[in-house]
Amino acid sequence: MDNKIISFRSPHLILAGVGSLERLGEEAKALEAKKGLLVTDKGVIASGIVEKIQAPLKREGIVIDIFDKVISDPDIGCAEACIEMAKRDRYDLILGVGGGSSMDIASVASVMCTNPGTVQDYLGVNLVKNPGIPTILIPTTAGTGAEATPNAILTDIEAKLKKAVVSPYILPRVAIVDPLLTFSMPPTVTSSSGIDALTHAIECYTSNNATILTDLFAREAIILIGRSLRTAVANGNNLPARYDMSIGSLYAGIAIANAGVTAVHALAYPLGGQFNVAHGIANGLLIPYVMEFNVLGDIPKFAQIAEFLGEKAEQLPLLEQAYRAPKTVKAIYRDLKIPQSLTELKIPREAIPEMAKAAASVTRLMANNPREMTVEDIERIYEKAL
Ligand SMILES: [Fe+2]
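Criteria and cut-off values
Residues numbered from 1 in each chain as written. Predicted model: local features only at pLDDT ≥ 70, side-chain atom pairs only at ≥ 80, totals over all residues. Heavy atoms only, no water. Buried < 20%, exposed > 50% of the residue type's maximum accessible area, 1.4 Å probe, protein only. Helix = DSSP H or I, 4+ residues; strand = E, 2+ residues; numbered from the N terminus. Arc of directions from axis to C-beta. Contact = heavy atoms within 4.5 Å. Phe/Tyr/Trp six-rings, centres within 6.5 Å; stacked < 30°, edge-to-face > 60°. Lys NZ or Arg CZ within 6 Å of the ring centre and 35° of its normal. Donors = N, O, S within 2.8 Å, 3.2 Å for Na, K, Ca; no water. Tetrahedral: all angles 85-135°; square planar, octahedral: opposite > 155°, others 65-115°.

### With respect to helix α15 (residues 375-384)
Here's step 1: Taken together, the buried positions of α15 are D377, I378, I381 and Y382. End-on, the buried residues of α15 take up no more than an arc of 140°, which puts them together on one face. Exposed positions of α15 whose direction lies more than 90 degrees from the buried face are R380 and K384.
Here's step 2: Against α9 (263-275), α10 (279-294), α13 (352-360) and α14 (363-366) lie the buried residues of α15.

What follows is the structure, given as structure tokens:
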């Protein structure tokens, strides 16, 4: 039994599976769209995916303009450029196509077309008053789960921090998750985005806000991603592995929307904000150390994570089973050959006190962490990762 009230938010409609993109036209038509703005990045344009998006829309007589200036880990300026274009015409649909950056910028542009002021006014939780222009989000990576979350993450360059517009209106009307769109991802992107998804799943499973409902999604995401991440990186044409990664990433996104991530993301943010380390890489480097610290906060759940990741450790005492979880995660990331230390990323020891303070200030995520973490604890975790 769980004493918590189960609360559940998700996109109005999720279409997921091989070939689900074919349904885009009819869903856009059901939203009464006539003219859409497609928000994406130059990489997606180069991959030829935009033509695949346009075809089902054309069949329904829906025309689109394209904003292709989304950058990775987008800042507020990137959002403002997209908002300006979105306000220039009378769009009745905004499509976000790409990784989390494109989907988040699309969602922010959608709500900024129907709410006064600037995007800075809405950085925070539940500050958006009006629903935005209808959105359809279509991931081309398997990682962020942004198609299913009410959070749009933006970099505040001046504060050197990631901030978020958190609102139910950031959730899309339709999320289309078609694994076929992820085949164009190179191994490095498959790896860093997949690591992000596994981090989401593990953090949500152990979040203070987890419920028996979010556990369903987080657990399944850990299993799917845990068994297929290595293969998806090693052989990008392996459909079963790509399928597991897409569905796992979606499930992890649903878990984020309702349980929330914890200290790994809080500790990873300063690496991105201050040293431009890619989001997935920062998470992957830090998660084993944060998990090691967190084990004592929820021993049974960490023991279960080890089991979901394929560890056969029933014969061991529960605490030892639990400590197998960070070890198993570390083994996966070692196989993926991602950077294993802050030193490798050229982050010096002297940077740790400021990073620790910045991480501790992300109270929205720290509150979810299963074990209380002081600034000194955070410093020690960064030192272990040096
Ligand atoms: Fe993430």
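### A short note on the packing of aromatic side chains
Here's step 1: Under the defined criterion, the tally for this structure stands at 3 aromatic pairs.
Here's step 2: Between Y205 and F308 the ring centres are 5.4 Å apart and the planes differ by 75°, which places this aromatic pair in the edge-to-face class. Residue Y205 is located in helix α6 (residues 187-205), and its partner F308 is located in helix α11 (residues 299-308); the two are separated by 103 residues in the primary sequence.
Here's step 3: For Y205, a relative accessible area of 3% gives the class buried.
Here's step 4: On the basis of an interplanar angle of 85° and a centroid distance of 5.4 Å, the ring pair of F217 and Y251 is categorised as edge-to-face. Of this pair, F217 sits in helix α7 (residues 212-234) while Y251 is found in helix α8 (residues 239-258), placing the two residues 34 residues apart along the sequence.
Here's step 5: Taking relative accessible area as the criterion, Y251 reaches 25% and is therefore assigned partly exposed.
Here's step 6: A cation over a ring is seen here: R242 above F183, with NZ or CZ 5.9 Å from the ring centre.
Here's step 7: Across from the ring centre of Y205, 4.5 Å away, lies the NZ or CZ of K301, which sits over that ring.

### Focus: the coordination of the iron ion
Here's step 1: Looking at the metal site, the iron ion is ligated by D196 (OD), H200 (NE2), H265 (NE2) and H279 (NE2), spaced 2.1 to 2.2 Å from it.
Here's step 2: Metal-centred angles of 83 to 166° between the 4 donor atoms at the iron ion mark the site as irregular.
Here's step 3: The sequence pattern describing where the donors of the iron ion fall on their chain is D-x3-H-x64-H-x13-H. Placement of H200 in helix α6 and of H265 in helix α9 is noted, with a sequence separation of 65 residues between them. The pair H200 / H265 is uniform in exposure class, with both members buried.

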